[in-house]
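Okay, here's what each chain looks like letter by letter:
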There are 2 protein chains.
Amino acid sequence: MKITQSFIPTLREDPGDAVIASHRLMFRAGMLRKLANGLFAYLPLGLRSFRKVERIIREEMDAIGSLEIKPTVVVPGELWKESGRWESMGESLLRVKNRLGNDFVVSPTAEEAFSALVRDELSSYRQLPLSLYQINTKYRDEIRPRYGVMRGREFVMKDAYSFHTNDASLDAHYEAMGRAYRRIFKRCGLTVIPVRADSGAMGGSGSEEFMVESEIGDNTLILCESCDYAANVEKASCKADYSAPGEAVSGEAAPAPAIEKIDTPAVRTIEELCAFLKTDAKQFIKTLIYRAANVELDLSGAPGCSKLERRRPAPDAPEVYGEAFFAVAIRGDLDVNEVKLAAALKAAEVALAQDSDVERLTGAPVGFAGPVGLGSVPVIADETVTALHDAVTGALAKDLHYRHVACGRDFTPWLVADLRTVKAGDLCPVCGGALYEKRGNELGHIFKLGYKYTKSMGLSYLDENGKSQIPTMGCYGIGVDRALASVIEEHHDGSGIVWPMTVAPYHVIIVPIKYEGAVKDASDALAGELESLGVEALLDDRDERPGVKFNDADLTGIPLRVVVGGRELAGDRPRVEIKGRAEEKGRLVELSLAAKTLSLQVLAEIALLNS
Amino acid sequence: MKITQSFIPTLREDPGDAVIASHRLMFRAGMLRKLANGLFAYLPLGLRSFRKVERIIREEMDAIGSLEIKPTVVVPGELWKESGRWESMGESLLRVKNRLGNDFVVSPTAEEAFSALVRDELSSYRQLPLSLYQINTKYRDEIRPRYGVMRGREFVMKDAYSFHTNDASLDAHYEAMGRAYRRIFKRCGLTVIPVRADSGAMGGSGSEEFMVESEIGDNTLILCESCDYAANVEKASCKADYSAPGEAVSGEAAPAPAIEKIDTPAVRTIEELCAFLKTDAKQFIKTLIYRAANVELDLSGAPGCSKLERRRPAPDAPEVYGEAFFAVAIRGDLDVNEVKLAAALKAAEVALAQDSDVERLTGAPVGFAGPVGLGSVPVIADETVTALHDAVTGALAKDLHYRHVACGRDFTPWLVADLRTVKAGDLCPVCGGALYEKRGNELGHIFKLGYKYTKSMGLSYLDENGKSQIPTMGCYGIGVDRALASVIEEHHDGSGIVWPMTVAPYHVIIVPIKYEGAVKDASDALAGELESLGVEALLDDRDERPGVKFNDADLTGIPLRVVVGGRELAGDRPRVEIKGRAEEKGRLVELSLAAKTLSLQVLAEIALLNS
């Protein structure tokens with residue numbers, strides 16, 4: 001392809017609103033243009049790379065037996081009402097009413113459409129397992145779309161959904177998907193961090209996120225310096241930083257003195273208490289009152305819960321307590337991870353209680369809550385609290401604290417769980433190494449959805465015994481635009497993009513010093529030879545100075561550059577200069593061998609990434 | 001691919017709402033399912049053929065230098081307001097307001113998006129010509145979607161837009177597109193009828209529609225039995241069926257007697273007049289009063305128009321008369337083609353005037369209008385009227401007609417134009433052969449849009465002299481779904497689809513009589529051999545009776561069927577039966593030669609279609 005016959009409008013300047021490298025470089029390299037906030041058009045160069053990412057994903061999905069289908073982008077609102085997400089998805093769901101007054105959704109995800117399709121076709125266990133995918137347009141009405149296609153409103157996703165008769169079958173496909181995802185990212189040249197993640201609004205349990213490191217990432221990742229432990233902070237755990245339950249943190253083995261009430265006038269924060277008592281925050285039991293909504297955990301017999309009543313929000317839903325309060329006790333230097341807390345309580349939502357509730361339930365102003373003698377709510381203790389046998393805590397009265405408090409002696413938690421927010425410096429739960437934090441962006445996500453959608457949408461099949469059963473379900477997504485942008489985030493330098501060969505828009509760029517005479521002839525011939533060898537070559541036939549062409553070659557990041565012209569081309573054995581985009585210097589190759597040399601290098605680099 | 005590992009839910013019964021073959025067969029062959037009215041999901045088998053049609057289109061677009069891009073499906077309403085189509089498109093345009101109150105459109109077509117993109121990048125004549133295309137999702141909010149994907153709400157279109165500095169450049173690309181379209185349809189195995197068509201709401205002049213014959217077609221086509229003349233009835237013309245202007249239809253060469261007023265009591269229709277005067281409808285001048293809106297034609301000096309005023313509906317729009325009335329005179333046996341009339345008047349809209357207007361303008365009840373002595377409106381005559389020199393016509397008074405009326409002697413039309421609706425039996429304007437009618441569906445359409453969008457959206461470039469110029473534009477669409485459905489309409493029989501090799505979901509179907517033992521081994525080996533030869537084979541490994549498998553093979557229409565098993569497979573020289581889908585009988589081929597034989601046939605059939 002000659003540049004003058006393509007449409008590659010490169011820019012010298014960064015677009016004003018571009019913060020991250022991929023956004024900047026996709027615009028500057030002429031890959032992308034903006035139609036409106038969060039809506040982008042891929043230009044020819046960008047689309048070539050985009051299609052290559054798509055193709056890699058398609059090949060790997062096909063390889064594990066997932067079958068491509070193509071539902072619509074606009075889907076009936078009815079399906080979303082059946083699943084309950086018409087209500088629960090909030091305003092990011094683009095809802096449309098057509099001229100007849102029917103409701104539609106511009107799909108942000110496709111659990112409903114796939115479930116409905118399979119529902120209508122499924123009759124026998126013999127049809128399962130069944131794994132289907134699409135690579136299709138999605139829309140999410142982001143309030144503040146940012147970072148180019150990294151967080152746009154319209155985007156393309158591969159989403160797959162699988163249906164199974166049993167957990168073992170789902171597990172096997174989930175694992176196969178995990179392996180396919182690892183291959184997809186490797187083939188794209190992407191370094192991903194697979195992390196166990198909270199499955200959030202998608203429902204179900206058992207999920208893995210594939211993250212890339214990114215300064216503007218949506219997620220905080222907890223990683224281990226020594227092993228490959230990786231988790232989203234929302235779910236990360238760590239090694240307990242005490243020797244064993246029953247021993248005090250300070251290392252004292254002696255039994256603590258008896259509990260004692262102390263005056264702490266005008267002292268309310270942990271910091272103030274530390275200063276006042278001249279001790280460490282690790283000696284404190286911080287107690288926070290939480291309000292939880294729609295709690296599934298059985299609270300019969302829990303302190304203060306005798307009057308709570310359970311109800312069923314929907315005919316098929318499990319019974320829940322609409323509202324319940326809890327005291328969460330945690331070591332003074334730690335923070336409560338609310339995702340973990342909600343999971344421990346099986347609650348739809350948890351949030352710190354309002355001051356008025358705190359005062360009502362503790363009988364004291366905010367700042368003096370403590371687990372000792374607290375009968376109005378169940379005490380939920382983080383694991384760290386069970387190791388505290390000489391601690392300080394609030395005494396449920398203004399300006400009063402207890403000291404020498406021992407968990408198990410002076411109070412007994414109703415429930416003990418891992419509730420802490422893990423942070424840099426904590427110890428790896430697997431190997432004990434030091435943990436550190438990174439910001440990350442999610443590229444892919446695989447979930448075991450279980451029965452959430454198959455139940456609400458009424459899927460069933462007859463098993464071997466002719467009995468009606470509900471299938472279990474998995475779901476597996478990859479954002480194509482985001483994957484492409486992430487390749488650029490990982491592969492660029494000060495001059496532009498540095499494409500991995502597999503997803504480069506072209507393999508080779510031919511740069512004639514001046515496109516005329518013998519240089520033109522040699523360039524055209526080389527382009528023809530490369531084409532016949534299946535090498536994708538871009539020929540810079542513009543009437544521009546060599547410096548401009550070199551800059552654009554660097555900017556667009558084509559992996560191999562061939563310079564044709566100058567002294568080297570003259571003489572008996574004409575030569576051209578071949579340079580890898582990431583290399584400092586090129587090497588001279590005889591013109592007659594250039595196409596073959598380039599072709600071998602292209603094949604070798606692709607093979608390496610695909611291996 | 002083994003059938004048990006794919007998802008091809010064939011049906012024995014036609015879906016209840018399927019009227020046409022493609023709709024019936026896409027459902028029955030397990031290619032397609034319905035998500036809602038007018039919204040369909042392609043299943044794996046259907047998607048394979050769909051992608052092949054897409055690929056053929058893409059190859060032919062690339063071959064003529066059109067460049068693929070990918071704008072969004074959801075586009076800003078602002079762009080549609082700039083072009084004016086936010087208002088003019090009516091309710092088939094799916095308009096969406098997002099959570100921030102911004103207007104969006106789920107694109108039914110992409111003139112606006114492409115024009116906006118090019119507007120932002122265009123600066124110099126050196127960038128032109130530029131031809132861009134997309135293959136992308138479209139939405140049109142059909143009130144009554146019908147006939148499966150032939151007229152769905154969501155569909156995929158290839159749409160291309162080209163931008164040029166001059167008409168010659170646009171003409172050349174338009175011609176190249178026309179050739180590419182012919183190749184695309186031929187490669188898909190489609191017989192198309194290219195017709196000159198009215199460009200309707202798309203604006204501009206110079207357009208060609210590519211039609212396929214269809215009993216449920218939206219269009220009436222006028223075709224010639226003798227030559228390749230083809231036109232949409234809206235624009236069709238025909239050879240004048242009189243010897244020459246100035247001669248009477250009846251063949252009488254003698255000058256007509258003087259005009260004469262006759263009593264025609266209680267006679268108003270042409271039929272009644274024919275009976276009353278014992279003549280033929282061809283001797284009558286039918287005169288109809290039309291109301292036209294937004295007339296661009298200059299009416300200064302036209303009868304009855306002196307008080308009309310022109311206005312400019314928008315700053316850049318041409319001046320028009322908001323409303324004007326006309327008397328349209330046409331031979332009594334013919335009908336007025338309102339598309340031709342609107343074009344002749346350069347009017348946005350024409351319609352028969354209301355009775356009260358007719359009475360006001362003719363001074364007589366409806367049924368007695370005539371061109372003689374009519375001064376209140378301009379007389380627009382069809383060409384046939386100029387040949388009438390002894391005609392009957394209304395005399396502008398109740399129960400009165402004129403006879404012996406001669407055009408040019410007794411009245412002079414203000415404008416003469418071709419206004420007749422051509423019908424079967426009329427004579428071909430090219431060769432004089434007999435014309436006939438067919439119903440047709442539009443598969444593709446190429447237009448010269450001219451300056452309509454480039455003006456309204458403000459595109460410009462600097463020419464060789466540094467002067468700002470507006471580019472001219474072409475637009476070129478093909479419906480992918482409709483093309484695929486049309487292939488089935490053209491290629492099916494009573495048992496199912498009969499795919500052309502190029503767009504068949506698989507090339508070969510292997511049908512083992514019973515998938516076990518030596519039959520299984522031979523079938524698996526053959527499938528492996530075919531795969532290694534690049535032949536796409538489907539293996540029916542189901543535990544079903546041979547009859548069921550044969551029926552499904554016919555239904556899904558895979559071009560070549562190989563039956564493995566039975567007596568033929570036993571013995572020293574095992575053989576299999578190969579049968580083309582359209583063939584009555586198969587032929588026996590040695591198993592060892594089967595893969596090679598099939599491969600050659602596949603290649604030959606593809607080469608023939610692509611040639």
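Along each chain, residues carry numbers from 1 onward, in the same order as the chain's sequence is written. Written order decides the labels, with chains lettered from A and ligands numbered from 1. Under the rules for a predicted model, residues below a pLDDT of 70 receive no local features and side-chain atom pairs below 80 are neither given nor counted, while totals for whole chains, interfaces and linings still include all residues.

Trainee: Just give me the short version of the overall build of chain A, but keep the residues and values in it.
Mentor: Check the secondary structure of chain A and you find 14 helices and 32 strands. Dimensions of chain A, computed from the C-alpha atoms along their principal axes, are close to 100 × 65 × 45 Å. C-beta atoms are first placed from the backbone for all residues, and any pair lying within 7 Å is then listed as a contact. Restricting the contact set of chain A to residue pairs at least 6 apart, pairs at least 24 apart contribute 73%. The secondary structure listing takes helices from DSSP runs of H or I that are at least 4 residues long and strands from runs of E that are at least 2 residues long, numbered from the N terminus.

Trainee: Summarise the confidence of the model for chain A; cite the residues concerned and give the values.
Mentor: All names here are of chain A. Per-residue confidence for chain A averages 92 on the pLDDT scale, and 96% of its residues sit at or above 70. One confidence number per residue, pLDDT, is output by the predictor and ranges from 0 to 100. In this model, residues 199-204 is a region of pLDDT below 50 whose contacts with residues beyond four sequence positions or in other chains number 14 contacts. A low-confidence stretch, residues 243-251 (pLDDT under 50), is modelled with eleven contacts involving residues beyond four sequence positions or located in other chains. If you check the scores for this complex, the pTM reads 0.87 and the ipTM reads 0.87.

Trainee: Describe the interface of chain B and chain A, naming the residues involved and giving the relevant values.
Mentor: The interface of chain B with chain A comprises 44 residues on the first partner and 43 residues on the second. Within the residue set of the side of chain B that touches chain A, elements represented by two or more residues are strand S1 (32-36), strand S2 (39-42), helix H2 (44-63), strand S3 (67-68), strand S4 (74-76), strand S5 (94-97), helix H5 (111-121) and strand S7 (130-139) of chain B. With five residues, the top contributor of residues to the side of chain B that touches chain A is H5(B). For this scheme, ten residues count as nonpolar: Ala, Val, Leu, Ile, Met, Phe, Trp, Tyr, Cys and Pro. Four count as charged, namely Asp, Glu, Lys and Arg, and the remainder, Gly too, count as polar. Its residues assigned to classes, the side of chain B that touches chain A comprises 29 nonpolar, six polar and nine charged.

Trainee: Before we move on, could you go through the sheet that holds strand S6 (residues 103-106) of chain A and cite the residues and values that matter?
Mentor: Adjacent strands of a sheet pair through backbone hydrogen bonds, lying either parallel or antiparallel. Residues and elements named next belong to chain A. Two strands qualify as a pair provided that DSSP identifies no fewer than 2 bridges between them. In spatial order, the strands read S4-S6-S5; together these three strands make up an open sheet with antiparallel pairing. Each end of this open sheet is capped by a strand with a single partner; those strands are strand S4 (74-76) and strand S5 (94-97). Taking each pair of neighbouring strands and ignoring which way they run, the sheet shows an average axis angle of 35°. Pairing of S4 with S6, which is carried by three bridges, proceeds in the antiparallel orientation. By the bridge assignment, Val75 is partnered in S6 with Val105. Lines fitted to the C-alpha atoms define the axes, with helices restricted to the stretch that makes contact. Angles between their N-to-C directions range from 0 to 180 degrees.

Trainee: Before we move on, can you summarise the sheet that holds S4(B) with the specific residues and values?
Mentor: Residues and elements named next belong to chain B. In space, the three strands of this open sheet follow the order S4-S6-S5, with antiparallel pairing throughout. Strands at the two margins of the open sheet, each flanked by one partner only, are S4 and S5. Taking the axes of each pair of neighbouring strands and ignoring which way they run, one obtains an average angle of 35° across the sheet.

Trainee: Requested: an account of helix H1 (residues 21-28) of chain B, with residues and values cited.
Mentor: All names here are of chain B. In this scheme the burial state of a residue depends on its C-beta neighbours within 10 Å: 20 or more other such atoms mean buried, 12 or fewer mean exposed, and anything in between means partly exposed; the C-beta positions come from the backbone. Burial analysis of H1 places eight of its eight residues in the buried class, the great majority of the element. Along H1, the residues that are buried comprise Ala21, Ser22, His23, Arg24, Leu25, Met26, Phe27 and Arg28. The elements touched by buried residues of H1 are S1, H2, helix H11 (480-490), strand S26 (492-493), strand S27 (496-497) and helix H13 (546-556). Phi turns positive one or two residues past the end of H1, at Gly30, with a value near 70°.

Trainee: If you had to explain the environment of Ala258(B) to someone new, which residues and values would you point to?
Mentor: Relative to the helices and strands, Ala258(B) is located in the loop between strand S12 (230-232) and strand S13 (260-263). Remark: the alpha-carbon pair of Ala258(B) and Ile558(B), spanning 300 residues in sequence, is separated by 74 Å.

Trainee: Could you give an account of the relation of the copies chain B and chain A, naming the residues involved and the relevant values?
Mentor: The superposition of copies rests on a least-squares fit of C-alpha positions from residues with pLDDT of 70 or more in both. With an RMSD of 0.1 Å, chain B superimposes on chain A once it is rotated by 180° and translated 0.0 Å along the axis. Viewed as a symmetry operation, the transformation between the two copies matches a two-fold axis. Scanning chain B for the C-alpha nearest the rotation axis identifies Val96(B), at a separation of 3.0 Å.

Trainee: Describe in detail the environment of Glu260(B), supporting the description with residues and values.
Mentor: All names here are of chain B. Here Glu260 shows up in strand S13. Since 11 C-beta atoms lie within 10 Å of it, Glu260 is described here as exposed. Considered as a pair, Glu260 and Tyr402 are 142 residues apart in the sequence and their alpha carbons are 5.5 Å apart. In contact with Glu260, not counting residues within four places along its chain, are Tyr402, Arg403 and His404.

Trainee: Now, about the pairing of strand S10 (residues 207-213) of chain A: what can you tell me, with residues and values included?
Mentor: Residue and element names in this part refer to chain A. Most of S10 is tucked away: six of the seven residues are buried. Relative to S10, strand S9 (residues 193-196) runs antiparallel, the two being bridged by four bridges. Across the sheet, Ile193 pairs through a bridge with Met211, a residue of S10. One ladder, built from seven bridges, connects S10 with strand S22 (residues 435-450); its direction is antiparallel. Bridged to Val212 within S22 is Asn441.

Trainee: Describe in detail the packing of H2(B) against H11(B), supporting the description with residues and values.
Mentor: Residue and element names in this part refer to chain B. At their nearest, the axes of H2 and H11 sit 10 Å apart, and the two run at 115° to each other. Taken together, the axis directions place H2 and H11 in an arrangement best described as roughly perpendicular. Considering only the axes of H2 and H11, their crossing is right-handed. In this structure, H2 contributes Ser49, Phe50, Val53, Glu54 and Ile57 to the contact, and H11 contributes Val480, Ala483 and Leu484. For the contact of H2 with H11, a count of residues per class yields six nonpolar, one polar and one charged. Just so you know how the angles are binned, under 35 degrees is roughly parallel, over 145 roughly antiparallel, 65 to 115 roughly perpendicular, and the rest oblique. Left-handed is the label given to a crossing in which the near helix is rotated counterclockwise from the far helix by less than a right angle, and right-handed is the label when the rotation is clockwise.

Trainee: An account of the pairing of strand S19 (residues 391-394) of chain B is needed here, citing residue identities and associated values.
Mentor: As a general feature of sheets, a regular strand has side chains that alternate between the two faces. All names here are of chain B. Here three bridges tie S19 to strand S20 (residues 400-405), and the two strands are oriented antiparallel to one another. Its bridge partner being in S20, Ala391 is matched across the sheet by Val405. Counted between consecutive antiparallel strands, the loop separating S19 from S20 contains five residues, among which Leu396 sits at a positive phi close to 65°.

Trainee: Let's hear about the nonpolar core: which residues, and what values?
Mentor: Membership of the largest hydrophobic core comes to 268 residues, with the highest contact counts inside it found for Val508(A), Val562(A), Val508(B) and Val562(B). Residues within four places of Val508(B) in sequence aside, it is in contact with Leu530(B), Val535(B), Ala537(B), Ile558(B), Leu560(B), Val562(B) and Leu598(B). As used here, a nonpolar core is made of buried Ala, Val, Leu, Ile, Met, Phe, Trp, Tyr and Cys residues. They are joined through C-beta atoms within 7 Å. Of all hydrophobic cores here, the second largest spans 46 residues; its members include Tyr290(A), Ala342(A), Ala395(A) and Phe411(A).

Trainee: Can you tell me about unusual backbone geometry, naming the residues and giving the values?
Mentor: Geometrically, the link from Leu128(A) to Pro129(A) is a cis peptide bond, its omega value of -5° lying close to zero. Relative to the helices and strands, Pro129(A) resides in the loop between helix H5 (111-121) and strand S7 (130-139). You will see that Tyr147(B), though not glycine, has its phi angle at about 65°, which is positive. For Tyr147(B), the position within the fold is in the loop between S7 and strand S8 (154-164).

Trainee: Any details on helix H6 (residues 167-187) of chain B? Residues and values, ideally.
Mentor: A helix is expected to reach a length of 1.5 Å times the quantity of its residues less one. An ideal rise of 1.5 Å per residue puts 30 Å on 21 residues; H6(B) measures up with 30 Å between its terminal C-alpha atoms. Backbone geometry just downstream of H6(B) places Gly189(B) in the positive-phi region, at approximately 80°.

Trainee: Mind laying out the packing of H1(B) against H11(B), listing which residues take part and the relevant values?
Mentor: All names here are of chain B. Direction vectors running N to C along H1 and H11 enclose 100°, while the axes themselves pass 8 Å from each other. Judged by the inter-axis angle, H1 sits roughly perpendicular to H11. For the pair H1 and H11, contact is made by Ala21, Ser22, Leu25 and Met26 and by Ala485, Ile488 and Glu489, respectively. Here the residues of the contact of H1 with H11 are counted per class, giving five nonpolar, one polar and one charged.

Trainee: A description of the environment of Asp17(B) should follow, citing residues and the corresponding values.
Mentor: Within the secondary structure, Asp17(B) is located in the segment before H1. The spacing of Asp17(B) and Ile446(B) is 429 residues in sequence and 32 Å in space, taken between C-alpha atoms.

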